[in-house]
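As a plain string of letters, each chain reads:
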Amino acid sequence: MPKTTRRPPAPAARTPATPPAKSAKRAITAKPKPAAKQAAPRRGKSPRRWSAAEVHEAFSRFAEANPEPKGELEHLNPFTLLVAVVLSAQATDAGVNKATRPLFAVADTPQKMLALGEERLREYIKTIGLFRTKAKNVIALSQKLITDFGGEVPNTREALETLPGAGRKTANVVLNMAFGQPTMAVDTHVFRVGNRTGLAPGDTPLAVELELERVIPAEFMQHAHHWLILHGRYTCLARKPRCEVCLINDLCRWPEKTVS
Ligand code: SF4
C-alpha cells in the first residue's frame, strides 16, 4: 500500500494556489511554447510511478486548497478567449492582457474584429511577440468563424484546429474554459510538472497530455489543467521550485526536490 497519509505542513503555510482574485469574466490560460524549447524530461532511471491512490490524494489536496481555480488570461466571451489564447503564444499573460483590454473594448466579436481590420489590430497588439503573424491569424480566424461557423466559436477539437493560429493546446483551452469539457492543455508549466513530479512523464506535450488524461480521475479533470498550471507557475517554479511549501511534496518523485 503506497504511503499517502503523510501530509506536508498545514495548508496555511503553503503557497497560495491562486493569484489575486479577478472578475468573474476573467480567466487563465497557458502560454504555448514549442516542444523543442521546453525542458527535456529527465533521463536515466525512471522513478516509481504514482499509484492511483497517490494521484487521487494529490488532486484532493489541490481541490481542497482551491476548489474553483481561475486564471489570468482576460477574456469576455468564447471569441475573446480564443483570440487571447492565440495571442498568448510565447508571450506572458500580463503582456497579452495589457494589449487585449483596449482591443476587446472595441472588438469582442468576429464581425467587429474584421471591421477593425488587420492594420489597426496590429497597433493594438504591437507589444506582443510575433504580432504581425498573430494579427494576420486573428483576422483570418474571425473571417473563418463567420464564413464556416455562423460567427460562433465551435465546440469541437476538429473544428477549432481548422482555425488559423489555433493548434491542439488552443483547442484544449477553449474546450475546457468556454465549453466545460474535461480537456488537458499542456503548456510549459504543465509539461514541467508532469515530468518533474513523475506524475505524467513524456517527451512531448501530447505525450504528457495523454498520460495526464489517463491517470487523473474523471472527477478532477475539469479543473486539473488550472491546478497544474498554477502549481507550476507559483510553486513548482522552473529554476527554484518551492518544495518546502509544496502541497504535494511528499508525493513528488523528483530526486532533486529540496524536502525529503
Ligand atoms: S516537491 Fe518541489 S519539485 Fe516536487 S512538485 Fe513540489 S515544488 Fe515541484
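All values derive from a computational prediction rather than experimental measurement.

Enquirer: For this particular structure, what's the right way to read the overall build of the protein chain?
Expert: Check the secondary structure of the protein chain and you find 11 helices and zero strands. Reading the secondary structure of the protein chain in the N-to-C direction produces α-α-α-α-α-α-α-α-α-α-α. Of all 260 residues assigned to the protein chain, the portion counted as buried reaches 42%.

Enquirer: Which parts of the structure should I look at to understand the nonpolar core?
Expert: General note: in soluble globular proteins, nonpolar side chains tend to be found buried as a group. Formed by 61 residues in total, the largest nonpolar core has its most connected members in Leu82, Val85, Val86, Val138 and Val174. Sort the elements by how many residues they give to this core and helix H2 (residues 78-87) lands first, with eight residues. Not counting the four nearest positions on each side in its chain, valine 86 is found in contact with Lys134, Asn137, Val138, Gly165, Ala166 and Thr170.

Enquirer: I keep staring at the site of the ligand and nothing clicks. Help me out?
Expert: Close contacts around the ligand come from 13 residues, with Cys236, Pro241, Cys243, Cys246 and Cys252 the closest. Grouping the amino acids of the shell around the ligand by side-chain chemistry returns seven nonpolar, three polar and three charged.

Enquirer: Would you mind showing me how to read helix H11 (residues 218-234) here?
Expert: For an α-helix, 3.6 residues make a turn, and residues three or four places apart therefore share a direction. A rise of 1.5 Å per residue sets the reference length of H11, with its 17 residues, at 24 Å; its end C-alpha atoms lie 25 Å apart and thus fit the reference within 8%. The axis of H11 is deflected most strongly, by about 55°, at alanine 224. Restricting attention to buried positions, one finds in H11 the residues His223, Ala224, His225, His226, Trp227, Leu228, Ile229, Leu230, His231, Gly232 and Arg233. Against helix H1 (52-65), helix H8 (168-179), helix H9 (188-197) and helix H10 (205-215) lie the buried residues of H11.

Enquirer: Please clarify how the confidence of the model for the protein chain should be interpreted in this entry.
Expert: Close inspection of predicted coordinates is inappropriate in any region flagged by low pLDDT. Residues of the protein chain with pLDDT of at least 70 account for 82%, and the chain-wide mean is 86. Considering only residues more than four positions removed or in separate chains, one finds that residues 1-42, a stretch of pLDDT under 50, has 86 contacts.

Enquirer: It is not clear to me how the UniProt feature "binding site: [4Fe-4S] cluster" (unreviewed entry) in the protein chain should be interpreted in this structure. Could you clarify?
Expert: Taken from the UniProt record, the annotation "binding site: [4Fe-4S] cluster" (unreviewed entry) applies to Cys236, Cys243, Cys246 and Cys252. A stretch of 17 residues holds the annotated residues, and the largest C-alpha distance among them is 10.6 Å, short enough that they meet in one place. Along the chain, cysteine 246 falls in the segment after H11. Since 22 C-beta atoms lie within 10 Å of it, cysteine 246 is described here as buried. Those residues in contact with cysteine 252 that sit more than four places away from it in its chain are Thr197, Cys246 and Lys257.

Enquirer: Would you explain unusual backbone geometry in this entry?
Expert: Glycine aside, a negative phi is what most residues show, and trans is what most peptide bonds show. Phi angles above zero are rare outside glycine, and glutamine 90 is one such case at about 55°. Notably, leucine 130 is not glycine yet its phi reads approximately 60°, a positive angle. Along the chain, leucine 130 turns up in the loop between helix H5 (118-125) and helix H6 (131-149).

Enquirer: What am I meant to see in H2 here?
Expert: With nine of its 10 residues buried, H2 lies for the most part within the structure. Buried within H2 are the following residues: Phe79, Thr80, Leu81, Leu82, Val83, Ala84, Val85, Val86 and Leu87. The secondary structure elements touched by the buried residues of H2 are helix H3 (93-106), helix H4 (110-116), H5, H6 and H8.

Enquirer: What am I meant to see in the environment of proline 205 here?
Expert: Relative to the assigned elements, proline 205 resides in helix H10. Sequence spacing of proline 205 and valine 190 is 15 residues, and the spatial spacing of their C-alpha atoms is 8.6 Å.

Enquirer: Would you mind showing me how to read the packing of H2 against H8 here?
Expert: When two helices pack together, their arrangement is given by the angle between the helix axes and by the axis-to-axis distance. At a minimum axis distance of 10 Å, the contact between H2 and H8 shows a crossing angle of 150°. Here H2 lies roughly antiparallel to H8, going by the angle between them. For H2 against H8, the interelement crossing comes out right-handed. From H2, Pro78, Leu81, Leu82, Val85 and Val86 reach across to H8, where they touch Thr170, Val173, Val174, Met177 and Ala178. Looking at the contact of H2 with H8 residue by residue, the classes come out as nine nonpolar, one polar and no charged.

Rules of the game
- Residues numbered from 1 in each chain as written.
- Predicted model: local features only at pLDDT ≥ 70, side-chain atom pairs only at ≥ 80, totals over all residues.
- Helix = DSSP H or I, 4+ residues; strand = E, 2+ residues; numbered from the N terminus.
- Buried ≥ 20, exposed ≤ 12 C-beta atoms within 10 Å, placed from the backbone.
- Core = buried A, V, L, I, M, F, W, Y, C linked by C-beta atoms within 7 Å.
- Contact = placed C-beta atoms within 7 Å.
- Near = placed C-beta within 6 Å.
- Nonpolar A, V, L, I, M, F, W, Y, C, P; charged D, E, K, R; others polar.
- Expected span 1.5 Å × (residues − 1).
- Bend = angle between axes of the 7 residues up to and from the residue.
- pLDDT = per-residue confidence, 0-100.
- UniProt positions renumbered as here; feature names shortened; annotations may be inferred.
- Axes fitted to C-alpha atoms, helices over the stretch in contact; angles between N-to-C directions.
- Parallel < 35°, antiparallel > 145°, perpendicular 65-115°, else oblique.
- Left-handed = near helix turned anticlockwise from the far one by under 90°.

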